[in-house]
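Understanding the architecture of this molecule
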Amino acid sequence: MVEPINISWSKTKKNVEEIINKYIYYSLSVDNSSTSNIKENFLLDELNYGDSDNQYVKIDPVERKKRIEFINYVRFSFNKLTTDERKIIYWTYLDKENGYDDRFIANNLGFSLGYYYIKKKETLIRFAYCLGVEQMLDK
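Observations regarding the environment of Phe-76
Note on placement: Phe-76 falls in helix α2 (residues 61-79). Assessed through its relative accessible area of 54%, Phe-76 is described here as exposed. Phe-76 sits 30 residues away from Glu-46 along the chain, and the two C-alpha atoms are 7.6 Å apart.

Rendered as structure tokens:
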């Protein structure tokens, strides 16, 4: 018989949110595209590394490459999720311009608010596994 997964919800959620925040800041520093231009399938494209010809960019090329690799790691993990899960992550954490609330997201997905909260928790746990940052309960 398979044992149930003993996840520390609060620590796992914190880990995912820290990675998303780091992703947002790194994207602001090296990605020239807007996250509001996301496609209908909510997939994020890989960011290609190229030398910046912008004279105002003061990021060391090694640091820039490291940031792009981190961005691609998050995008690769994000793209593993289902379309509904990607929408939940995107609307909750990545689309800062529109400030969607839980009721909007639940309604848009066709979920009741109660079911949405369950689905959001499952999504964050699945995203944590995709990122490799799930936190187990101490035994």
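With respect to a nonpolar patch on the surface
Where nonpolar side chains cluster on the molecular surface, the patch consists of Ile-5, Tyr-129 and Met-136 and spans about 290 Å² of accessible area. By the element assignment, Tyr-129 lies in helix α5 (residues 113-131). With a relative accessible area of 34%, Tyr-129 lands in the partly exposed category.

Details of α5
Between the first and last C-alpha of α5 there are 26 Å, a value that for 19 residues agrees with the 27 Å anticipated at 1.5 Å per step. Those residues of α5 that sit buried are Tyr-116, Lys-119, Lys-120, Thr-123, Leu-124, Phe-127, Ala-128, Cys-130 and Leu-131. On its buried face, α5 sits against α1 (9-30), α2, α3 (83-94) and α4 (102-109). Trailing α5 by a residue or two, Gly-132 shows a phi angle of about 80 degrees, which is positive.

Considering the pattern of salt bridges
Applying the stated rule across the entire model yields seven salt bridges. Here Lys-13 and Glu-17 are joined by a salt bridge, their closest N and O atoms 3.9 Å apart. Highlighted residues: Lys-13 and Glu-17, both in helix α1, separated by four residues, approximately one helical turn. The partly exposed category is assigned to Lys-13, whose relative accessible area is 29%. One salt bridge in this structure joins Glu-63 and Lys-66, with 3.7 Å as the shortest N-O distance. In this pair, Glu-63 and Lys-66 both sit in helix α2, three residues apart, roughly one turn of the helix.

Considerations on the packing of α3 against α5
The contact between α3 and α5 brings their axes to 10 Å, and the two run at 95 degrees. As summarised for this structure, α3 and α5 are arranged roughly perpendicular, according to the angle between their axes. Touching Glu-85, Ile-88, Ile-89, Thr-92 and Tyr-93 of α3 are Tyr-116, Lys-119, Lys-120, Thr-123, Leu-124, Arg-126 and Phe-127, all from α5. Tallied by class, residues from the contact of α3 with α5 come to six nonpolar, two polar and four charged.

Notes on the packing of aromatic side chains
For the structure shown, the criterion picks out 10 aromatic pairs. Between the aromatic rings of Phe-70 and Tyr-73, the centroid separation amounts to 5.7 Å while the plane-to-plane angle is 55 degrees, which identifies the pairing as tilted. Taken as a pair, Phe-70 and Tyr-73 lie in helix α2 at a separation of three residues, close to a single helical turn. Look at Phe-70 and you get buried, because its relative accessible area is 13%. The class of Tyr-73 is partly exposed, set by a relative accessible area of 30%. Judged by centre distance (5.8 Å) and plane angle (75 degrees), the ring pair of Trp-91 and Phe-104 falls under edge-to-face. Note that Trp-91 is positioned in helix α3 and Phe-104 in helix α4, a separation of 13 residues in sequence. Connected via pairs of aromatic rings, a cluster forms that spans Phe-42, Tyr-90, Trp-91, Tyr-100 and Phe-104. Note that Lys-22 overlies the ring of Phe-70, its terminal NZ or CZ placed 4.7 Å from the centroid.

Rules behind the numbers
- Residues numbered from 1 in each chain as written.
- Predicted model: local features only at pLDDT ≥ 70, side-chain atom pairs only at ≥ 80, totals over all residues.
- Heavy atoms only, no water.
- Helix = DSSP H or I, 4+ residues; strand = E, 2+ residues; numbered from the N terminus.
- Buried < 20%, exposed > 50% of the residue type's maximum accessible area, 1.4 Å probe, protein only.
- Patch = residues over 30% accessible without salt bridge, like charges linked within 9 Å, V, L, I, M, F, W, Y side chains within 5 Å.
- Areas by Shrake-Rupley, 256 points an atom, 1.4 Å probe, with all protein chains shown as cover.
- Salt bridge = Lys/Arg side-chain N within 4 Å of Asp/Glu carboxyl O.
- Expected span 1.5 Å × (residues − 1).
- Contact = heavy atoms within 4.5 Å.
- Axes fitted to C-alpha atoms, helices over the stretch in contact; angles between N-to-C directions.
- Parallel < 35°, antiparallel > 145°, perpendicular 65-115°, else oblique.
- Nonpolar A, V, L, I, M, F, W, Y, C, P; charged D, E, K, R; others polar.
- Phe/Tyr/Trp six-rings, centres within 6.5 Å; stacked < 30°, edge-to-face > 60°.
- Lys NZ or Arg CZ within 6 Å of the ring centre and 35° of its normal.

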